[in-house]
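A closer look at the structure
Chain by chain, the residues:
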Amino acid sequence: MKRFKYIKPNNKQCKHDPFVVRDDKFNDSKLSGTYRAKWAEDAYFENYSEMETVGNNFNYKILIVFASFLFLAMFVLLAKSAYLQIMHGEYYYELAEGNRIRIERVEARRGVIYDRERRALVRNQANFMLYFIPADMPDEKEERKRIFKIIENISGNISMSELQEKYAQVEPGSLESYRPLFVIDKISYEPAIKLMLEADIWPGVILTNKTKRFYPVYDLFDEYEAEKNSRHSLSHIIGYTGKINDIELEQYGDEYLLIDYIGKMGIEYFWENELRGQSGKKHIEVDALGKEKKIIRQIEPVDGHNLLLSIDIRQQLELEKILSKQLEKIDKTKGIAILLDPNNGEVIAMVSLPAYNNNLFAQGISQEDYKILINHADKPLFNRAISGEYPSGSTIKPVWLAAALEERIVSENTKFLSIGGISIGQWFFPDWRAGGHGMVDARRAIAESVNTYFYNIGGGYKDFQGLGVDRLSVYGELFGLGKQTGIDLAGEASGFLPNREWKEEYKGESWYIGDTYHFAIGQGDLLTTPLQVAMFTSVFANGGKLYRPHFIKEILTGADQSFGESNNAPVREDFIAPYNIHVVREGMRQAVTAGSARSLQTVPAKVAGKTGTAQWSSKHDTHAWFTGFAPYDDPELVITILIEEGGGGDVTAVPVAREYLEWYFGEYKKE
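Here the structure is a predicted model, which is why all the values come from computation and not from measurement.

Cut-offs applied
Residues numbered from 1 in each chain as written. Predicted model: local features only at pLDDT ≥ 70, side-chain atom pairs only at ≥ 80, totals over all residues. Heavy atoms only, no water. Phe/Tyr/Trp six-rings, centres within 6.5 Å; stacked < 30°, edge-to-face > 60°. Lys NZ or Arg CZ within 6 Å of the ring centre and 35° of its normal. Salt bridge = Lys/Arg side-chain N within 4 Å of Asp/Glu carboxyl O. Buried < 20%, exposed > 50% of the residue type's maximum accessible area, 1.4 Å probe, protein only. Helix = DSSP H or I, 4+ residues; strand = E, 2+ residues; numbered from the N terminus. Core = buried A, V, L, I, M, F, W, Y, C linked by side-chain atoms within 4.5 Å. Contact = heavy atoms within 4.5 Å. pLDDT = per-residue confidence, 0-100. Polar contact = N/O pair within 3.5 Å; in protein donor to acceptor, adjacent residues only side chain to side chain. Pairing = 2+ DSSP bridges. Axes fitted to C-alpha atoms, helices over the stretch in contact; angles between N-to-C directions. Patch = residues over 30% accessible without salt bridge, like charges linked within 9 Å, V, L, I, M, F, W, Y side chains within 5 Å. Areas by Shrake-Rupley, 256 points an atom, 1.4 Å probe, with all protein chains shown as cover. Parallel < 35°, antiparallel > 145°, perpendicular 65-115°, else oblique. Left-handed = near helix turned anticlockwise from the far one by under 90°.

Before going further, it helps to spend a moment on the packing of aromatic side chains. Here the structure, examined in full by the defined rule, presents 26 aromatic pairs. Ring pairing ties together the aromatic residues Tyr660, Trp663, Tyr664, Phe665 and Tyr668, which thus form one cluster. Over the ring of Tyr632 we find Arg585, and its NZ or CZ is 4.6 Å from the ring centre.

Right, here's the structure in full:
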């Protein structure tokens, strides 16, 4: 193929055109048309077969490979940028800012808890705490060891190996390394001052003052000072605070840090959100040691709410004292006593013995003391008043009488003959009195706790049709049995109302008439909590209203101004006719004037009540019950007593109620 080349002509060759096209055999005759200088398209050949191509050799495959590589590199670069800036942008931003600007929380004051007379049941005390900011600590291992050794020597209660282990929990350079890492708290004053001086020049080591709780209950009254090392029944109600653990931290998320304290039990736990307040924030600039250099911006904290309880600490301590004395007298260790206001469900006192000292937990319990508590046979950490489940014994009989009257199974004048019990085939169901009680009507059946009467109205006998297990369960639920009452404490039990389906499914047995008879006298599989017994007693005291029991009377601001009152509306009312309530009340009054609780006649106010003796084991003594209210004509108190394995309710439970009510309507009222 012929190649044409462009050559620059000399001035002689072409005066006007800067370029001409030549070849070795150039012939003007072969060129036709008009030629214009600098325009290649004016040059053409007559014969296309002789047409020549002008161009350069180039491999386009190399260009494609290069472009693909360039595109891939750009894609990787953009993807990495998106990963760093979008997906993890906040993390790296905080990591960078953490070297210069920090956000510290300003702890809010935890709310105070008062009794109904505004006596403080808790105090906030200074608590020195040491923690690390791992990112600020020295990189040199030897320098860290030197700091750990000094901390070990000054504090006296944490070893160097423990400090190293804590530090190793956080990955260097991570976001967590800029967050506080708890080391030790409850440091006494002198070591705290020494550590404060040292920590001021140590990078990443902070000594701070966080409040801890102290419960000065027994300091309120000199007369109960001697009790403060033994009982502490209020601990089950107030509870305590403690340092947050990993599980709680995961549950509550960013609301807390590992150096925070949180309600663990009782009111402190249940009302945590109200008590803790709202933390403030402080934006600070730090120096090379991680110490605060200046405050950039600050949001003030909001103090926690104060709580006004329905508890009267004076009545609580007196009831605790009386119950403790009775337990010692009969050589028993476990007992419950509850005081309620029947007109609104407020809990005035709640004693569960044995108890524990919540100050041990709030101040930092030792492993030895904790093992003693959890391994104790009587389970002092267990609040029997709301979590214990027991057969109700005869305290349930007012409920079944109200149900029978409401269903018109009997009237107030219906009588049954008690000859010592009833027989069904080979089975005999006894009265508690040998030989029986003779002809018994509704009021006397309550007053003398006549089993035969309740066998009849519960399960029927011969031609008489009783309520039956289904209606017993229905009315049990109406009076609050078989489910939680809704009290503002965690750990409440539901009790248990048995039925046919349950027995067939879980025991593989049919429901027999004997099961109904046991149900009707508070035995068998029926289980109640002491609080449930106190609540259904309130229904008869107040004329037919079932309330939700509660401890909070009023929520206050941090400045003790009213913020909100508790809802005292009844959960249920008018489910039993007023006259039927009246009949049951009269029966409970007769229990005091002529029945099983006659010793209560010494109380300087009219009392109505019901005793109970509950079998629960063939090897142990029966549980002793009493539940009642006073004054009879205008009730202001419901009192429920249970002594585990106490024997007869009239023998061991009634004396506790009597001594307390004598004090209340005597000395206390005079004060």
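The structure having been displayed, the exposition proceeds.
Within the structure shown, the criterion is met by 33 salt bridges. With a shortest N-O distance of 3.6 Å, Lys503 and Glu509 are connected by a salt bridge. What makes Lys503 buried here is its relative accessible area of 4%. Of the charged contacts, one joins Lys606 and Asp633 as a salt bridge, the two residues approaching to 3.8 Å between their closest N and O atoms. In this pair, Lys606 sits in the loop between α21 (578-593) and β25 (608-614) while Asp633 sits in the loop between β26 (623-630) and β27 (637-643), placing the two residues 27 residues apart along the sequence.

What follows is about the nonpolar core. Counting 132 residues, the largest nonpolar core has Met350, Tyr453 and Tyr660 as its most contacted members. Of all the elements, helix α22 (residues 649-670) adds the most residues to this core, at 10 residues. For Tyr660, the residues in contact, after removing those within four places along its chain, are Gln315, Leu319, Ile322, Leu339, Leu637 and Ile639. In terms of nonpolar packing, the next biggest core, distinct from the first, is built from 23 residues, Met137, Ile158, Met160 and Val205 among them.

Quick look at the confidence of the model for the chain now. Averaged over every residue, the pLDDT of the chain is 87; residues scoring 70 or more account for 86%. Contacts from residues 1-55, a stretch scored under 50 in pLDDT, to residues over four places away or in other chains number 35 contacts.

Topologically, Ser387 is positioned in helix α13 (residues 384-387). When its relative accessible area of 16% is taken as the criterion, Ser387 is described as buried. At 2.5 Å, the side chain of Ser387 and the backbone oxygen of Gly491 are in polar contact. Once residues lying within four places of it in the same chain are set aside, the contact partners of Ser387 are Phe382, Gly491, Glu492 and Ala493.

Two faces, one strand: in a regular strand the side chains alternate between the faces of the sheet. Relative to strand β23 (residues 562-565), strand β22 (residues 552-556) runs antiparallel, the two sharing three bridges. Each bridged residue has a counterpart across the sheet, and for Leu556 the counterpart in β23 is Ser562.

With that settled, consider the sheet that holds strand β6 (residues 128-132). In space, the three strands of this open sheet follow the order β7-β6-β8, with antiparallel pairing throughout. Every other strand in the sheet has two partners, leaving β7 (181-187) and β8 (205-209) as the edge strands with one partner each. Recorded for the sheet is a direction-independent mean angle of 20° between the axes of neighbouring strands. Summarising the sheet, β6 and β7 pair through four bridges and their orientation is antiparallel. Residue pairing across strands places Tyr131 opposite Phe182, the latter belonging to β7.

For the rest of this paragraph, the subject is a nonpolar patch on the surface. Taken together, the side chains of Leu63, Phe66, Leu70, Met74 and Leu77 define a hydrophobic patch exposed on the protein surface, amounting to about 520 Å² of accessible area. Inspection of the secondary structure puts Phe66 in helix α1 (residues 60-87).

Taken in spatial order, the four strands make up an open sheet running β4-β14-β22-β23, and their pairing is mixed. This sheet does not close on itself; its edge strands, each paired only once, are β4 (113-114) and β23. Alignment of strand β14 (residues 306-309) against β22, held across four bridges, turns out to be antiparallel. Paired with Leu309 across the two strands is Ile552, which belongs to β22.

A packed helix pair is summarised by two numbers, namely the angle formed by the two axes and the spacing between the axes. At a minimum axis distance of 8 Å, the contact between helix α16 (residues 451-459) and helix α19 (residues 513-520) shows a crossing angle of 120°. Here α16 is positioned oblique relative to α19, judged by the angle of their axes. In the packing of α16 onto α19, the handedness of the crossing is right-handed. Contacts between α16 and α19 involve Phe454, Tyr455, Gly458 and Gly459 from the former and Ile513, Thr516, Tyr517 and Ala520 from the latter.

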